[in-house]
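Observations on the three-dimensional arrangement
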Amino acid sequence: MSSTPTGELTPLNIALLTVSDTRGPAEDTSGQYLEDQLLATGHRLAARRMLPDDVYLVRALMSRWIADPQIHGIIITGGTGFHERDSTPEAVAPLLDKTIDGFGEEFRRLSQQDIGTSTIQSRAFGGLANHTVIFCLPGSTGACRTGWEGILSTQLDSRHGPCNFAALVQRKPDRPLHRVDEQIGDRAAG
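Residues numbered from 1 in each chain as written. Predicted model: local features only at pLDDT ≥ 70, side-chain atom pairs only at ≥ 80, totals over all residues. Heavy atoms only, no water.

Side note on the overall build of the protein
Within the protein, the secondary structure is distributed over 6 helices and 6 strands. If you list the helices and strands of the protein from N to C, you get β-α-β-α-β-α-β-α-β-β-α-α. Dimensions of the protein, computed from the C-alpha atoms along their principal axes, are close to 60 × 45 × 30 Å. Out of the 190 residues in the protein, the part that is buried amounts to 48%. In the protein, 76% of the contacts between residues at least 6 apart in sequence involve partners at least 24 apart. Carbon and sulfur atoms form 51% of the exposed surface of the protein, whose accessible area is close to 9,800 Å². (Helix = DSSP H or I, 4+ residues; strand = E, 2+ residues; numbered from the N terminus. Buried < 20%, exposed > 50% of the residue type's maximum accessible area, 1.4 Å probe, protein only. Contact = heavy atoms within 4.5 Å. Areas by Shrake-Rupley, 256 points an atom, 1.4 Å probe, with all protein chains shown as cover.)

In structure tokens:
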């Protein structure tokens, strides 16, 4: 997973998704925190969306973003707990080519300092799909701060050594994403 650190930041195009049944855009402090941080560090916001805890809606949007050659990374906040509707891991895991096991482990280790043994109830995880790095965080702003400051800010930074994800995600294949929306014939509705 190593990539050679660079002398200058290589900006990445990052998409943000907030998964919540209870918050609207005005209450999305976690998504706003992540947007502010990635822009402040020099990355680009490729897209920002909010969806309810619905496996198929999350999976549909994630599939599109994973296929998009312009999106290097995805950060999801919310839906990683054990409540009945929390379904981010179930939505995202089938789409991954590889898991980043160390992300969830390190996130829970860092979280223990703030929330003690309650950290075991976090299903934060990461993975790779089509050269897109994906990180799934809990929905609280504090958890997003822990994940960003403790892990993501360095792992998305091309200057961080001995390794980071920046070079890997820039090798994403260029796919004809426009083909997904092409209609064949004139009989289909829509």
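Now, onward.
A word on the UniProt feature "domain: MoaB/Mog" (unreviewed entry) in the protein
In the numbering used here, UniProt assigns the "domain: MoaB/Mog" (unreviewed entry) feature to residues 15–159. Secondary structure content for residues 15–159 is 41% helix and 21% strand, and the end C-alpha separation is 21 Å. (UniProt positions renumbered as here; feature names shortened; annotations may be inferred.)

Examining the nonpolar core
In this structure, Ile75 and Leu156 are the most contacted members of the largest nonpolar core, which totals 26 residues. Going through the elements one at a time, strand E1 (13–19), helix H1 (29–40), helix H4 (101–115), strand E6 (132–137), helix H5 (141–155) and helix H6 (166–169) are the ones with two or more residues in this core. In terms of residues, this core owes the most to one element, H5, which gives 5 residues. What isoleucine 75 contacts, discounting residues up to four positions off in sequence, is Ile14, Ala15, Leu16, Leu17, Leu34, Phe135, Leu137, Trp148, Leu152 and Leu156. Among the nonpolar cores identified, the runner-up in size contains 21 residues, and Ala47, Leu51, Val55 and Ala91 belong to it. (Core = buried A, V, L, I, M, F, W, Y, C linked by side-chain atoms within 4.5 Å.)

Overview of the packing of H1 against H5
As a packed pair, H1 and H5 sit with axes 8 Å apart at the nearest point and diverge in direction by 25 degrees. Looking at the two axes, H1 sits roughly parallel to H5. Relative to H5, H1 is oriented so that their crossing is right-handed. In contact with Thr29, Ser30, Tyr33, Leu34, Gln37 and Leu38 of H1, H5 contributes Thr141, Cys144, Arg145, Trp148 and Glu149. (Axes fitted to C-alpha atoms, helices over the stretch in contact; angles between N-to-C directions. Parallel < 35°, antiparallel > 145°, perpendicular 65-115°, else oblique. Left-handed = near helix turned anticlockwise from the far one by under 90°.)

Focus: the state of the cysteines
In this structure the tally under the stated criterion is 0 disulfides. Cysteine 136 carries a free sulfur, and the closest cysteine sulfur to it, the one in cysteine 144, is 11 Å from it. (Disulfide = S-S within 2.5 Å.)

Points about the sheet that holds E1
Sheet strands pair by backbone hydrogen bonding; their relative direction is either parallel or antiparallel. Taken together, the 6 strands give an open sheet; going across it, the order is E2-E1-E3-E6-E5-E4, and neighbouring strands pair in mixed fashion. Looking at the sheet topology across the chains shown, the edges are occupied by strand E2 (44–51) and strand E4 (98–99). Bridging between E1 and strand E3 (residues 73–77) involves 5 bridges; their strand directions are parallel. Residue leucine 16 lies in a different strand from E3, and its bridge partner there is isoleucine 75. Across the sheet, H5 lies against E3 and E6, angled at about 140 degrees from E6, the strand it touches most. (Pairing = 2+ DSSP bridges.)

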